[in-house]
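Structural overview
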Amino acid sequence: MNDRTTALADPLTDDTLTQPFTGPSPYDNYVHASALNSMQQPLTEAPDEMGFLVTTQVMELWFTLIVHEWRTAQVAFAKDDLPAAMDALIRSRRALTALNGAWAPIAALTPAQFDGFRAAFGKASGFQSAMYRHMEFLLGDKSAGLLRAHRGDPAVHQALSETYREPTLYDEVLAFLHRQGLHVPLRVRERDVTDPYTSDPGVVDVWREIYAGPQHHPHLALGELLTDIAELITRWRFEHVLVVRRAMGSKPGSAGSSGLAWLEQRAARPVFPELWEVRGGI
């Protein structure tokens, strides 16, 4: 055996990496990988169930990060710190891109493959996700009924109630723009933030002023970043529709909803609506 073969068979290793750990590794203590890797507990022998569990759990982690970044952005907007708010939104855009890519392991399930484990999760549905509901509430899609559904879990319900009662991410954006000298109507600034956000012509005028102005202005960059986020959210919703359509067609949803029709209705709801409306009349 020559020296080259020996080197390939026995690669050099940093001695510090071969020292025994006293208990879990420092990596596991920080990342909790062993806890994460113990949470996949398929209930059937279907080979596709593991992919379904991992995919949905990974999405939950992305939801958590996105909510964290949007709340960070809210705090920054309230302090009129646009650079910090933009940084948080940019990080959330990266997370949303990764979230959309997370559909890949289950995107091509056939009806037979999905039926192999569907009965195992009974009445569970992705729309019961509390963290996804935080996302929707932060986007302005408030719903007292969907909040009420979590009453049986006091800690989750309390946290979600706080998000429900607080201004949305978009409310904070509009308040910031008003303090910057743009005329956001009083009816928008003093609206009941527990109501779903709906388009306002005065806010369309605000964005029209921004988009008709200097094309490298920070406010226009903010508008484009929010549009990126809105587009990624919409793409995630429609990707969900396609995954369900491919796996189960028009069958009723597992939680008793109308399934595909319900998802299509939700997917069509606009995110930051005035940012889309303004593009037709600048």
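In case you missed it, the structure is sitting above this.
Conventions we followed
Residues numbered from 1 in each chain as written. Predicted model: local features only at pLDDT ≥ 70, side-chain atom pairs only at ≥ 80, totals over all residues. Heavy atoms only, no water. Helix = DSSP H or I, 4+ residues; strand = E, 2+ residues; numbered from the N terminus. Buried < 20%, exposed > 50% of the residue type's maximum accessible area, 1.4 Å probe, protein only. Contact = heavy atoms within 4.5 Å. Salt bridge = Lys/Arg side-chain N within 4 Å of Asp/Glu carboxyl O. Core = buried A, V, L, I, M, F, W, Y, C linked by side-chain atoms within 4.5 Å. Arc of directions from axis to C-beta. Patch = residues over 30% accessible without salt bridge, like charges linked within 9 Å, V, L, I, M, F, W, Y side chains within 5 Å. Areas by Shrake-Rupley, 256 points an atom, 1.4 Å probe, with all protein chains shown as cover. Polar contact = N/O pair within 3.5 Å; in protein donor to acceptor, adjacent residues only side chain to side chain.

**Details of the overall build of the chain**
When helices and strands are counted, the chain shows 15 helices and zero strands. Projecting the C-alpha coordinates of the chain onto the three principal axes gives extents of approximately 75 × 50 × 40 Å. Burial analysis of the chain (282 residues in total) assigns 40% to the buried set. Contacts in the chain between residues far apart in sequence, at least 24 positions, make up 71% of those at least 6 positions apart.

**What about the pattern of salt bridges?**
Where side chains of opposite charge bring their charged atoms close, a pairing between them can arise. Counted under the stated rule, the structure contains 13 salt bridges. Between Asp80 and Arg179 there is a salt bridge, and its shortest N-O distance comes to 2.8 Å. On the criterion of sequence distance, the pair formed by Asp80 in the loop between helix 4 (49–78) and helix 5 (82–101) and Arg179 in helix 10 (residues 169–179) is long-range, its members being 99 residues apart. Judged by relative accessible area, Arg179 falls into the partly exposed class, the value being 41%. Across the pair Glu264 and Arg245 runs a salt bridge whose closest N-O atoms are separated by 2.7 Å. Residue Glu264 is found in helix 14 (residues 260–267), and its partner Arg245 is found in helix 13 (residues 218–248); the two are separated by 19 residues along the sequence. The class for Glu264 is partly exposed, based on a relative accessible area of 33%. Exposure remark for Arg245: the relative accessible area of 41% places this residue in the partly exposed category. One network of salt bridges, with partners in common, ties together Glu136, Asp141, Arg237, Arg266 and Arg269.

**A short note on the environment of Gly213**
Position of Gly213 relative to the elements: it lies in the loop between helix 12 (201–212) and helix 13. Exposure remark for Gly213: the relative accessible area of 23% places this residue in the partly exposed category.

**A few points about the nonpolar core**
Ranked by size, the top nonpolar core spans 66 residues in total, and within it Trp70, Phe77, Leu89, Leu177, Trp207, Leu222 and Phe272 carry the most contacts. Listed by contribution, the elements that provide at least two residues to this core are helix 4, helix 5, helix 6 (111–118), helix 7 (130–139), helix 10, helix 12, helix 13 and helix 14. The element contributing the most residues to this core is helix 13, with 14 residues.

**Observations regarding helix 6**
Of the residues making up helix 6, those classed as buried are Phe114, Phe117 and Arg118. One side of helix 6 carries all its buried residues, which in axial view fall inside an arc of 110 degrees. Residues of helix 6 that are buried make contact with helix 4 and helix 13.

**Regarding a nonpolar patch on the surface**
Judged by side-chain polarity, Tyr27, Tyr30, Val31, Leu36, Met39 and Leu61 come together as a nonpolar surface patch covering roughly 650 Å² of accessible area. With three residues, helix 2 (residues 26–31) is the single largest residue contributor to the nonpolar patch. Look at Tyr30 and you get exposed, because its relative accessible area is 70%.

**Points about the side chain of His134**
For His134, the position within the fold is in helix 7. Polar side-chain contacts of His134 include one of 3.1 Å to the side chain of Arg71. Looking at His134, its side chain comes within polar contact range of the side chain of Thr163, at 2.8 Å. Sequence-distant contacts of His134, that is, excluding residues within four places in its chain, are made with Val67, Arg71, Ala159, Leu160 and Thr163.

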